[in-house]
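Here's the letter readout for the chains.
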Amino acid sequence: MIDDHFLDICDDGFAIGVGCFKSNNIDLLTTYSADWQNQYFDLGGLTIDPVIAFGTQYTGLHHWTNDAPSNDFLAAARDHNLHKGLAFSAVIAGNRLIAGISRQATFTDAEKAVIQTSLREYHLNKLCQRMLHLSSTQKVLVQLTAQGFRAKEIAFHFNVSEATIKQRKSKIQDIIGTNNFTCITALAARAGFAFNPIN
């Protein structure tokens, strides 16, 4: 869920993508019209959008303007009143959030701080939601890792090889969309099951 203060600030429209942009495996939340969303993808937005270009290369906030559209995509964006705004990008263990926010008014420093805080919280919450979709066996594996058990001990617990545990950890990382297991255990603690009994 996105913060109400963020929604108030970004009332001209926004799009937030979370996931792997290289493979187009993205969860999208947007307030833009269905018409613009269809045009966006028809015009190759994921490869030509300057917000995505910024977000896949950098992190942080970036101001963007669309005063003089140089291609069909930017012209279509301008037709949908996307004249200027902010791009924001953040990465958690290889999982990227990119947000494009359009607004005619200038953003204050306080509003920028709310945007960054809200989007970071949203990003963490999206990853935690994915944690809740793990199977009970996968949750136990994460819990045992979080409690400090080594792969050999976890393999003994499940009566499988260490190689199998490594494969299972990799599968969990794929489900969550991160590139390291330390982040998985931190997310599990945030989601509330890393140190609690699993039923």
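Per-chain numbering applies: the sequence of each chain, read as written, is numbered from 1 onward. Local features in a predicted model are, by the rule used here, given only for residues with pLDDT of at least 70; side-chain atom pairs are given and counted only at 80 or more, and totals for whole chains, interfaces and linings are based on all residues. Neither water nor hydrogens contribute to the side-chain values; these are computed over all heavy atoms in the structure.

## Notes on the packing of aromatic side chains
For step 1, the next point in the chain: Whether two aromatic rings pair depends on their centres lying within 6.5 Å, for rings of Phe, Tyr and Trp, where Trp uses its six-membered ring; planes under 30 degrees apart make the pair stacked, over 60 edge-to-face, and the rest tilted. Taken as a whole, this structure holds six aromatic pairs when the rule is applied.
For step 2, the next point in the chain: For the ring pair F6 and F14, a centre distance of 5.1 Å and an interplane angle of 75° mean the geometry is edge-to-face. Neither F6 nor F14 differs from the other in exposure class; each is buried.
For step 3, the next point in the chain: One aromatic cluster is present, built from ring pairs that chain together W36, Y40, F41 and F73.
For step 4, the next point in the chain: Sitting over the ring of F107, R103 keeps its end group 4.6 Å from the ring centre.
For step 5, the next point in the chain: For K169, the ring lying beneath its charged end belongs to F181, and the centroid distance is 5.1 Å. Here the term buried applies to any residue with accessible area under 20% of the maximum for its type, exposed to any over 50%, and partly exposed to those in between, with areas from a 1.4 Å probe on protein chains only. Both a distance and an angle decide whether a charge sits over a ring: NZ of Lys or CZ of Arg must be within 6 Å of the ring centre and within 35 degrees of the ring normal.

## Description of the pairing of strand β1 (residues 14-20)
For step 1, the next point in the chain: Secondary structure elements are defined from DSSP: runs of H or I of at least 4 residues count as helices, runs of E of at least 2 residues count as strands, and each element is numbered from the N terminus. Counted residue by residue, β1 has five buried out of seven residues, so it is predominantly covered.
For step 2, the next point in the chain: Where β1 folds back on strand β2 (residues 25-30), the antiparallel hairpin that results is connected by four residues, among which N24 adopts a positive phi of roughly 60°. A pair of strands is labelled paired if DSSP reports no fewer than 2 bridges between them.

## Side note on the environment of S136
For step 1, the next point in the chain: Inspection of the secondary structure puts S136 in helix α7 (residues 136-146).
For step 2, the next point in the chain: For S136 and F158, which are 22 residues apart along the polypeptide, the C-alpha to C-alpha distance reads 13 Å.

## Comments concerning the nonpolar core
For step 1, the next point in the chain: Each nonpolar core is a collection of buried residues, namely Ala, Val, Leu, Ile, Met, Phe, Trp, Tyr and Cys, held together in the definition by side-chain atoms within 4.5 Å. Counting residues in each nonpolar core, the largest one holds 22 residues, and the members touching the most others are M131, V142, I172 and I176.
For step 2, the next point in the chain: When contributions to this core are tallied by element, the ones reaching two or more residues are α6 (109-131), α7, α8 (151-158), α9 (162-176) and α10 (181-191).
For step 3, the next point in the chain: Ranked by residue count, the leading element in this core is α10, at five residues.
For step 4, the next point in the chain: By definition in these notes, contact holds between two residues if any of their heavy atoms fall within 4.5 Å. Excluding residues that lie within four positions of it along the chain, V142 makes contacts with M131, L134, I172, F181, I184, T185, A188 and F193.
For step 5, the next point in the chain: The next biggest cluster of nonpolar side chains, apart from the first, holds 17 residues, and it includes I2, F6, I9 and F14.

## Examining the environment of A155
For step 1, the next point in the chain: Position of A155 relative to the elements: it lies in helix α8.
For step 2, the next point in the chain: Judged by its relative accessible area of 4%, A155 falls in the buried class.
For step 3, the next point in the chain: When the C-alpha atoms of A155 and K166 are compared, they prove to be 9.3 Å apart, with 11 residues separating the residues in sequence.
For step 4, the next point in the chain: In this view, A155 contacts V160, S161, E162 and I165; residues no more than four positions away in its chain are not counted.

## Some points on the pairing of strand β5 (residues 95-102)
For step 1, the next point in the chain: Taken across its eight residues, β5 has eight buried, putting it largely inside the fold.
For step 2, the next point in the chain: Burial of β5 is two-sided: the residues N95, L97, A99 and I101 facing one way and the residues R96, I98, G100 and S102 facing the other way are all buried.
For step 3, the next point in the chain: As defined by bridge partners, strand β4 (residues 84-92) adjoins β5 across eight bridges and the pair is classed as antiparallel. Each bridged residue has a counterpart across the sheet, and for I92 the counterpart in β5 is N95.
For step 4, the next point in the chain: Remark: two residues form the turn of the hairpin made by β4 and β5, two consecutive strands paired antiparallel; A93 in that turn has positive phi of roughly 50°.

## A short note on helix α5 (residues 72-79)
For step 1, the next point in the chain: By the burial criterion, the buried members of α5 are F73, L74, A76 and A77. The buried side chains of α5 occupy one side of the element, clustering within an arc of 160° when seen end-on. Summarising the geometry of α5, the exposed residues directed more than 90 degrees from the buried face are D72 and D79.
For step 2, the next point in the chain: Check the buried side of α5 and you find it contacts α2 (34-42), α3 (45-48) and α4 (50-57).
For step 3, the next point in the chain: Two to three positions downstream of the cap, the backbone nitrogen of F73 sits 3.1 Å from a side-chain oxygen, assigning the N-cap of α5 to N71. As used here, the arc is the angular range of directions from the helix axis to the C-beta atoms. Whenever a nitrogen or oxygen atom comes within 3.5 Å of another N or O atom, the pair is scored as a polar contact, on the condition that within protein one atom can donate a hydrogen and the other can accept it, and that pairs from neighbouring residues in sequence are kept only if both atoms are in side chains.

## Re the sheet that holds β4
For step 1, the next point in the chain: Spatially, five strands are ordered β2-β1-β5-β4-β3 in an open sheet, and the strand pairing comes out antiparallel. In this open sheet, the two strands that pair with only one neighbour each are β2 and β3 (60-65). Shown here is a sheet whose adjacent strand axes are inclined to one another by a mean of 15°, direction ignored.
For step 2, the next point in the chain: Pairing geometry for β1 and β2, over six bridges, is antiparallel. The residue of β2 that forms the bridge with C20 is N25.
For step 3, the next point in the chain: Each axis is a line fitted through C-alpha atoms, taken for helices only over the stretch in contact, and angles between the N-to-C directions span 0 to 180 degrees. Its contacts with the sheet place α6 against β1, β2, β3, β4 and β5, and it is angled at close to 40° to β4.

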